[in-house]
Amino acid sequence: MAVAVVLLTIALVLVVALLAAAAAGKLARMDGASYPAALNRAATTFVTVITLAAAVTAALTALST
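As a convention, each chain's residues are numbered from 1 in the sequence order in which they are written. Thresholds applied to this predicted model are a pLDDT of at least 70 for local features of residues and 80 or more for the giving and counting of side-chain atom pairs; totals over whole chains, interfaces and linings are not thresholded and use all residues. For the side-chain quantities, the full set of heavy atoms in the structure was used; hydrogens and water were omitted.

Chemist: I'm lost on the overall build of the protein chain in this one. Help?
Modeler: For the purposes of this entry, the term helix denotes a DSSP run of H or I that reaches at least four residues, the term strand denotes a run of E that reaches at least two, and both are numbered from the N terminus. Regarding its fold elements, the protein chain presents two helices and zero strands. Only C-alpha atoms enter the radius of gyration; for comparison, a globular chain is expected to reach 2.2 Å times N to the power 0.38, where N is the number of residues. A compact globule built from 65 residues should have a C-alpha radius of gyration of about 11 Å, whereas the protein chain, at 15 Å, is more than 25% larger. Within the span of the protein chain, comprising 65 residues, buried residues form 12% of the whole. Here, Shrake-Rupley sampling with a 1.4 Å probe gives the accessible areas, and only protein chains in the shown set may cover a residue. Surface summary for the protein chain: the accessible area is close to 4900 Å², and the carbon and sulfur share equals 79%. Throughout this description, buried means an accessible area under 20% of the type-specific maximum (1.4 Å probe, protein chains only), exposed means over 50%, and partly exposed covers the range between.

Put into structure tokens, the structure is as follows:
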């Protein structure tokens, strides 16, 4: 059961990160950025969401021990 929860949480974080990256790329293009600049903003947003999820996980793990 715990493995299923972990896998579903990972999937949810990846979906949220992809949606945030797509939104950032779309907003960058609407703002007039070039395709490489929009891709750079989308990639930065994706990495930021994944890093934030890792930091929250580390904090929750530190609190539970």
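Chemist: Can you help me understand a nonpolar patch on the surface in this one?
Modeler: Here, patches come from residues exposed beyond 30% relative accessible area and free of salt bridges, joined within 9 Å for like charges and within 5 Å for nonpolar side chains (Val, Leu, Ile, Met, Phe, Trp, Tyr). Think of a salt bridge as a Lys or Arg side-chain nitrogen and an Asp or Glu carboxyl oxygen that are within 4 Å of each other. A grouping of V3, V6, L7, I10 and L14 is seen on the molecular surface, where their side chains present a nonpolar patch of about 460 Å² in accessible area. Here V3 shows up in helix α1 (residues 2–30).

Chemist: Help me understand the packing of aromatic side chains, please; the structure alone is not making it clear to me.
Modeler: Each aromatic ring pair is described using two quantities: the centre-to-centre distance and the angle formed by the ring planes. Here is the rule: rings of Phe, Tyr and Trp (six-membered ring for Trp) pair when centre to centre is within 6.5 Å. Planes less than 30 degrees apart are stacked, more than 60 are edge-to-face, and the remainder are tilted. One pass over the structure, following the stated rule, counts zero aromatic pairs. In this analysis the charged atom, NZ for Lys or CZ for Arg, is taken to sit over a ring once it is within 6 Å of the ring centre and within 35 degrees of the ring normal. Against the face of Y35 rests R29, its NZ or CZ located 3.7 Å from the ring centre.

Chemist: Hey, could you run me through α1 in this one?
Modeler: Residues spaced three or four apart along an α-helix point in a common direction, a consequence of the helix completing one turn every 3.6 residues. With 29 residues, α1 ought to run about 42 Å at 1.5 Å a step, and its terminal C-alpha atoms sit 42 Å apart, in line with that. For α1, the set of buried residues is A17, A21, A24, G25 and A28. Taken from the residues just after α1, G32 is the one with a positive phi, measuring 100 degrees. One less than the number of residues in a helix, times 1.5 Å, gives the span that helix is expected to have.

Chemist: What should I look at first to understand the packing of α1 against helix α2 (residues 35–64) in this one?
Modeler: Angle between the axes and distance between the axes are the two parameters that describe a pair of packed helices. Running from amino to carboxyl end, α1 crosses α2 at an angle of 150 degrees, the nearest separation of the two axes being 8 Å. The orientation of α1 with respect to α2, classified from their angle, is roughly antiparallel. For the element pair α1 and α2, the recorded crossing hand is right-handed. The residues of α2 that touch α1, namely those facing V13, L14, A17, L18, A20, A21, A24, G25, A28 and R29, are Y35, A38, R41, A42, T45, F46, V49, I50 and A53. Here the term charged refers only to Asp, Glu, Lys and Arg, the term nonpolar to Ala, Val, Leu, Ile, Met, Phe, Trp, Tyr, Cys and Pro, and the term polar to all other amino acids, Gly among them. Here the contact of α1 with α2 is composed, by residue class, of 15 nonpolar, two polar and two charged. Fitting a line to C-alpha atoms yields each axis, with helices limited to the stretch in contact; the angle taken between N-to-C directions then spans 0 to 180 degrees. In these notes the angle categories are as follows: under 35 degrees is roughly parallel, over 145 is roughly antiparallel, 65 to 115 is roughly perpendicular, and the rest is oblique. By convention, the crossing between two helices is left-handed when the near helix turns anticlockwise from the far helix through less than a right angle, and right-handed when the turn is clockwise. Pairs of residues are marked as contacts when any of their non-hydrogen atoms sit within 4.5 Å.

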